[in-house]
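Per-entry structural report
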Amino acid sequence: MRILLYNPDNGVTRNFMPHLWMFLLQALTPVGHEVVLVDGNAQPMDEEGIARFVREQNIDLVGIGAMTRMIAKAYRMADAIRAVGVPVVMGGPHVTEEADEALGRSGGPRHADAVALGEADETWPKIVEDAARGQLKDVYKPVDEFGQERKPSLEDYPAIPWDTINLSQFNLVPKMVGRMLRRIGAGWGTFRIIPMESGRGCPYGCEFCTVTGFFGDSIRFRSNESVVNELLLLKARAKSEGGQIAVFFIDDNFAINIKRTKSLLRDIIAAGAQVHWVAQISANLLRDEELVDLIAASGGKWVFIGMESIDPANLADVNKGFNKPGEYAAVLGRLAQRNVYAITSFIFGMDNDTPGVAERTLKEVRSWPPGLPIFGLLTPLPATPLYKRLEVAGRLTRPKHWQEFIPFAMAHTPLKMSIEEAHKEVRIGWANAYSPEAIEKAVDSLNHKPLGYRINIFIARLCFRGIYFPQMGRLAWVKTIIENRRTIFRLIRQGLRGGLHAPARSAGAQAVTEQPHGS
Ligand code: B12
Ligand code: SF4
């Protein structure tokens, strides 16, 4: 069979990174079948386009994976594919929780011939074989011989052939620039961010999160050797094509078992497998100085921290009392000392939030080392404890919010502010943290560091701005660049004067002039 694995676009941002599930299922596909990958964020398609693609490419089976926010698009694409007579299997977190919706058993139309519930590592080969025989079942569940749910072990993790996979749709360097850089041998002909998992599961059970329910509280790890080998493969590929590679460890909590994380990082260093990497780690686990040393030494550059709120009452409400706002500054300082910076994620519209929450949060953010703050709204995702609590309390204003997805829009009423007020707070957060002035300040706060760090934070801020302010087309980018021209000229001037490794001012001058930085 020829199989298409398709991930719909999110409609808001271009994808900075491919989705791991596609590569994983490709690697787990039984021999004798050919797999084609299309990520809608990199290769946008509409219903007509995908129907044409499926016909022209003689596709026999389509697998679609989607988060809740892309599910409406996923269903429309599935309908178009089924209309040309090709069966569709759907998987991922949304259909796991809402299988009846995908199968048309809850009053709506049917969108999928089959759904794969939960982790599909072990069920995917069966699905492919059933489809090849024309005997697809409606539902595939990962169960053991006694019918009990089984979470796949990651001990025999498949080797994803990163050296041969066609990754041209995931190059972040624009074609023209890439050609030029390749010609001058700058080593930036390509730049790709590749997702990699070293383990699955998180026992913390934050109320709004799908992960504890989906992956379970049993944590499973790949062997250090298999992670190191994957890194070495990626590193070799980047070198051979005169490009760069960075890795996003998508584990929900990369340091959930600190001893094991340290042992992995030590093995990465010992094997010379360091690449620049990003990972998600909760703040409480970053108290460990040795861990932070190893993060920096093994190539860690950005850590995503789900801070959620600076209000302990909010954190307790969502079962995230292990986050201690009082230690956020120390944690970020510890990272920054080693040139590791943080993507700090906040949620507004929590039950104890009142108007002004954005400004209160920004005030804290401005006192921290520069990073990438992001602001979202408390969202009741299906099957989470939060969804159930709000449903029981009759507080859901759009119980099936995913059927008409609106970015940055609440689906329930907060307790101490209105929905409109919560939306306004998010706007204030983004507008202030990503204004040209805030970006300039963030860049300036690193004036005592080599230019590379300032360029890094500058580009990252411009890209992250696009999460909230649509920045998909060329025109939007040109506008953003013009707005930030002052910072760009300064960076160019500093580069011409001192090269990539020179600070803009000495460390001594920094001690006198350092202001609260960030946004
Ligand atoms: C990486 C990641 C991202 C990346 C996404 C880009 C990317 N290229 O991967 C980034 C950082 C951008 C991101 C952003 C967001 N994310 Co996110 N993200 C993840 C994360 C940490 C890892 C995903 C992953 O690769 N997992 C590993 C793979 C192997 O697992 P998997 O995708 O589930 O696939 C398995 C099964 O689901 C199944 N499967 C999946 N698809 C298919 C398809 C078929 C056909 C079949 C048969 C099987 C199948 O088989 C796979 C192997 O077992 C997950 C949490 C998690 N641990 O999964 C959250 C998660 C997916 N994200 C989530 C959310 C909510 C978001 C945001 C909305 C957060 C926000 N408020 O802004 C944004 C939305 C971004 C956007 N604009 O689209 C939720 C989704 C919940 C839901 N019901 O949709 C998750 C589960 C985390 C959570 N806290 O609950 N995210
Ligand atoms: S710590 Fe992160 S992954 Fe774990 S339950 Fe909480 S939000 Fe989800």
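Residues numbered from 1 in each chain as written. Chains lettered and ligands numbered in written order. Predicted model: local features only at pLDDT ≥ 70, side-chain atom pairs only at ≥ 80, totals over all residues. Heavy atoms only, no water.

**A word on the confidence of the model for the chain**
The pLDDT averaged across the chain works out to 91; a share of 93% of its residues lies at or above 70. Note on residues 507–519: pLDDT is under 50 here. Beyond four places in sequence and across chains, it has 32 contacts. (pLDDT = per-residue confidence, 0-100. Contact = heavy atoms within 4.5 Å.)

**Digging into the packing of helix H10 (residues 258–270) against helix H11 (residues 289–297)**
In the contact formed by H10 and H11, the axes pass within 9 Å of each other and the chain directions differ by 30 degrees. Taken as axis vectors, H10 and H11 run roughly parallel relative to one another. Here H10 runs over H11; the crossing is left-handed. For the pair H10 and H11, contact is made by Thr-261, Lys-262, Leu-265, Arg-266 and Ile-269 and by Glu-290, Leu-291, Leu-294, Ile-295 and Ala-297, respectively. In terms of residue class, the contact of H10 with H11 is made up of six nonpolar, one polar and three charged. (Axes fitted to C-alpha atoms, helices over the stretch in contact; angles between N-to-C directions. Helix = DSSP H or I, 4+ residues; strand = E, 2+ residues; numbered from the N terminus. Parallel < 35°, antiparallel > 145°, perpendicular 65-115°, else oblique. Left-handed = near helix turned anticlockwise from the far one by under 90°. Nonpolar A, V, L, I, M, F, W, Y, C, P; charged D, E, K, R; others polar.)

**A closer look at the sheet that holds strand E5 (residues 114–116)**
Pairing in this open sheet of six strands is parallel, and the strands run E2-E1-E3-E4-E5-E6 from one edge to the other. In this open sheet, the two strands that pair with only one neighbour each are strand E2 (34–39) and strand E6 (139–140). Strand contacts of helix H6 (residues 124–132): strand E1 (2–7), strand E3 (61–65), strand E4 (88–91), E5 and E6, with the helix running at about 130 degrees to E1, the strand carrying the most contacts. (Pairing = 2+ DSSP bridges.)

**A closer look at the site of ligand 1**
Surrounding ligand 1, one finds 38 residues, the nearest of these being Met-17, Thr-68, Ala-120, Asp-121 and Asp-252. Between Met-17 and ligand 1, the recorded distance is 2.7 Å, taken from a backbone N or O atom to a nitrogen atom. Arg-69 places a polar side-chain atom, nitrogen or oxygen, 3.4 Å from a nitrogen atom of ligand 1. Those elements that provide at least two residues to the shell around ligand 1 are helix H1 (20–28), E3, E4 and helix H8 (211–215). Per-element tally for the shell around ligand 1: the top contributor is H1, with four residues. (Near = heavy atom within 4 Å. Polar contact = N/O pair within 3.5 Å; in protein donor to acceptor, adjacent residues only side chain to side chain.)

**Notes on the nonpolar core**
Core analysis: the largest hydrophobic core is formed by 144 residues, its most contacted members being Leu-4, Met-90, Phe-249, Leu-286 and Ile-305. Broken down by element, the residue count for this core peaks at seven residues, all from helix H3 (residues 71–83). (Core = buried A, V, L, I, M, F, W, Y, C linked by side-chain atoms within 4.5 Å. Buried < 20%, exposed > 50% of the residue type's maximum accessible area, 1.4 Å probe, protein only.)

**Describing the pairing of strand E10 (residues 244–249)**
Counting buried positions over the six residues of E10 gives five, a clear majority of the element. Relative to E10, strand E7 (residues 191–196) is paired through six bridges, and the arrangement is parallel. Following the sheet pairing, Met-196 is matched in E10 by Phe-249. When E10 meets strand E11 (residues 276–280), the two strands line up parallel, connected through four bridges. Opposite Phe-248, over in E11, you have Val-278 as the bridge partner. In terms of handedness, the path from E10 via H10 over to E11 forms a crossover that is right-handed. (Right-handed = clockwise from strand over helix to strand, strands pointing away.)

**Comments concerning helix H18 (residues 451–465)**
An ideal rise of 1.5 Å per residue puts 21 Å on 15 residues; H18 measures up with 21 Å between its terminal C-alpha atoms. Taken as a whole, H18 has its buried residues at Leu-451, Arg-454, Ile-457, Phe-458, Ala-460, Arg-461, Leu-462 and Arg-465. Buried-residue contacts for H18 involve strand E12 (300–308), strand E14 (372–377), helix H16 (419–433), helix H17 (436–444), helix H19 (474–483) and helix H20 (485–498). (Expected span 1.5 Å × (residues − 1).)

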